[in-house]
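# Structural overview
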Amino acid sequence: MLDYVSLEDDLDEEEQMIRDTARQFVEEQVKPDIADHFEAGTFPTDLIPEMGELGFYAPNLEGYGSPNVSETAYGLLMQELEAGDSGIRSMASVQGALVMYPIHAFGSEEQKERWLPGLGRGELVGCFGLTEPEHGSNPSGMETYAEKDAGEYVLNGSKTWITNSPISDVAVVWARDRSAEDNPVRGFLVEPDRDGVTTNKIDEKLSMRASVTGEIGLNDVYVPEDAVLPGVEGMKGPLSCLTQARYGIAWGAVGAARDAFETAREYATERDQFGGPIARFQIQQQKLAEMATEITTSQLLAHRLAELKERGDLRPQHVSMAKRNNVRMARDQSRVAREMLGGNGITTDYSPMRHMANMETVYTYEGTHDIHTLILGEDLTGIAAYE
Ligand SMILES: Cc1cc2nc3c(=O)[nH]c(=O)nc-3n(C[C@H](O)[C@H](O)[C@H](O)COP(=O)(O)OP(=O)(O)OC[C@H]3O[C@@H](n4cnc5c(N)ncnc54)[C@H](O)[C@@H]3O)c2cc1C
């Protein structure tokens, strides 16, 4: 596996073990069937509890069954899972960073005890409902709202593009609380089997096909008052979750690019044209050299992010830079890998075009490439350019 500047020499035993466990899981459990799932537009749901048993959901949290592994170990896990498929890494990212993290950070003791162990073991599935049909890049414009009624909250609104909503046991739904002054955004834990909840599946995706995506419709949905996450109000609730998930994406995208690179390198040494392997042509070598360099510099950025996160110095803008850079890199390099495979490269027999298609989603969700550009622009100039 490409590790050109030997970053993995510095891993401690636990980090090596987590990397190896995830790598083996991907080789044995993901790679054999993932192309079929991608073609069929299905997620291998049988892997959900297995991923829980292996500790893939939020292992960087502490307590309630989570072992508090290092941020490097967590990043390596995301890298290895996305080397299998972005849909597999998305499953772990959503469950861990977007569902378990907010319950862990902002939930009551009862909420933590009720939900975290089952989510961690993969016996329960969670989803994160922020995006709405009319509010994607600007989630603070959200229209979904909650109002108090006889000691309960009533939720109304609709969310869309929600990973795992059709297979979820609990949704973290972000809504404006109209019962409080200034209608602050608050997080609600909603079980989709409540009256008034619909979770229609979104089909027709050409990207992230091995992942379940859906809507969340909320029509006079009553939830108890203790369904609200008590520890946070305002956009910092959902945004802090996104920072956690984007950190994982910055690592994960490197895994997808590395897998595309390794596939192209192997193919180039085995595919003969004009009397020998295509790897002997300078044009193909240039592509591999460029790919290896781009992957290596993205790996360096991911590793540095882990150091900053570990010591509490990671800013959301650092994560924006890494998400923006590493996903663009993976999007570009998976396309180069695809072209090196010629006609075979457009089939599901090889991973690069699947990674390339997935990267269209990864480039768009968790803040589009453009939005991260604006976040960096604001950080560098002090001038916001969103409106
Ligand atoms: C497969 C998939 C899974 C997803 N999973 C989830 C999930 O689990 N939970 C969830 O809440 N959401 C999820 N999303 C939603 C995702 O986060 C949004 O699609 C994303 O935030 C972009 O919103 P939008 O699609 O409404 O695009 P828009 O916001 O309408 O953007 C359209 C285009 O305009 C550009 N643009 C927007 N504003 C500006 C600006 N100010 N300046 C310059 N350009 C701008 C964008 O960059 C983009 O190119 C998922 C999306 C996909 C595709």
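Residues numbered from 1 in each chain as written. Predicted model: local features only at pLDDT ≥ 70, side-chain atom pairs only at ≥ 80, totals over all residues.

### Some remarks on the environment of L376
Within the secondary structure, L376 sits in helix α10 (residues 369–381). Among the residues examined, L376 registers 16 C-beta atoms within 10 Å and is labelled partly exposed. With 313 residues separating them along the chain, L376 and G63 place their C-alpha atoms 34 Å apart. Once you skip the residues sitting within four places of it in the chain, L376 turns out to touch Q317, S320 and M321. (Helix = DSSP H or I, 4+ residues; strand = E, 2+ residues; numbered from the N terminus. Buried ≥ 20, exposed ≤ 12 C-beta atoms within 10 Å, placed from the backbone. Contact = placed C-beta atoms within 7 Å.)

### Some remarks on the packing of helix α8 (residues 316–340) against α10
Look at α8 against α10: their axes get within 9 Å of each other, and the N-to-C directions meet at 140°. What the angle tells us is that α8 and α10 run oblique. Crossing handedness for the pair α8 and α10: left-handed. Of the residues in α10, those touching α8 at Q317, S320, M321, K323, R324 and R328 are H369, H372, T373, I375, L376 and D379. Considered class by class, the residues forming the contact of α8 with α10 number three nonpolar, five polar and four charged. (Axes fitted to C-alpha atoms, helices over the stretch in contact; angles between N-to-C directions. Parallel < 35°, antiparallel > 145°, perpendicular 65-115°, else oblique. Left-handed = near helix turned anticlockwise from the far one by under 90°. Nonpolar A, V, L, I, M, F, W, Y, C, P; charged D, E, K, R; others polar.)

### Let's talk about the site of the ligand
If you check the shell around the ligand, you find 21 residues, and the closest are L130, G136, S137, T368 and D370. Here the residues of the shell around the ligand are counted per class, giving ten nonpolar, nine polar and two charged. (Near = placed C-beta within 6 Å.)

### Some details on the pairing of strand β6 (residues 170–177)
Most of β6 sits out of view: six of its eight residues are buried. Taken together, the four bridges between strand β3 (residues 126–129) and β6 define a ladder with parallel strand orientation. Pairing of G129 across the sheet is with V173, part of β6. Strand direction decides the pairing type here: strand β4 (residues 145–149) and β6, joined by two bridges, are parallel. Bridge pairing in β6 links Y145 to R176. Relative to strand β7 (residues 185–190), β6 is paired through six bridges, and the arrangement is antiparallel. Bridge assignment links A175 to a residue of β7, and that residue is R186. (Pairing = 2+ DSSP bridges.)

### Quick look at the UniProt feature "domain: Acyl-CoA dehydrogenase/oxidase C-terminal" (unreviewed entry) in the protein chain
If you check UniProt for "domain: Acyl-CoA dehydrogenase/oxidase C-terminal" (unreviewed entry), the listed places come out as residues 234–379 in our numbering. Helix makes up 77% of residues 234–379 and strand 3%, with an end-to-end C-alpha separation of 21 Å. (UniProt positions renumbered as here; feature names shortened; annotations may be inferred.)

### Thoughts on the UniProt feature "domain: Acyl-CoA oxidase/dehydrogenase middle" (unreviewed entry) in the protein chain
The UniProt record marks residues 127–221 with the feature "domain: Acyl-CoA oxidase/dehydrogenase middle" (unreviewed entry), using the residue numbering of this structure. The straight-line gap between the two end C-alpha atoms of residues 127–221 is 17 Å; of that span, 0% is helix and 47% is strand.

### Topic: the domain arrangement of the protein chain
Domains assigned within the protein chain are domain 1 (7–125), domain 2 (127–227) and domain 3 (236–381). For domain 1 and domain 3, the distance between their C-alpha centres works out to 20 Å. Across the contact, 23 residues belong to domain 1 and 25 residues belong to domain 3. Among the elements of the structure, α1 (13–40), α3 (71–84) and α4 (86–106) are those that each provide at least two residues to the side of domain 1 that touches domain 3. (Domains from an automatic or database assignment.)

### Brief notes about the nonpolar core
By size, the foremost hydrophobic cluster in this structure holds 105 residues, and its most contacted members are L155, F188, V190 and A253. In terms of residues, this core owes the most to one element, helix α6 (residues 236–270), which gives 16 residues. Ignoring anything within four residues of it in the chain, the contact list for L155 reads T144, A146, V173, A175, F188, V190, L218, V221 and V223. (Core = buried A, V, L, I, M, F, W, Y, C linked by C-beta atoms within 7 Å.)

### Thoughts on the pairing of β7
Counting buried positions along β7 gives six out of six residues, so the element sits mostly inside the fold. On β7, burial covers both faces: V185, G187 and L189 on one face and R186, F188 and V190 on the other are all buried.

### Concerning helix α9 (residues 352–364)
Its 13 residues place the ends of α9 19 Å apart at the C-alpha level, agreeing with the 18 Å of an ideal helix rising 1.5 Å per residue. The element α9 is extensively covered by neighbouring structure, given that ten of its 13 residues are classed as buried. Where α9 is concerned, the buried positions are P352, M353, R354, H355, M356, N358, M359, T361, V362 and Y363. Each element contacted by the buried residues of α9 is listed here: α1, α4, α6, α8 and α10. Looking one or two places after α9, you find E366, whose phi comes out positive at around 60°. (Expected span 1.5 Å × (residues − 1).)

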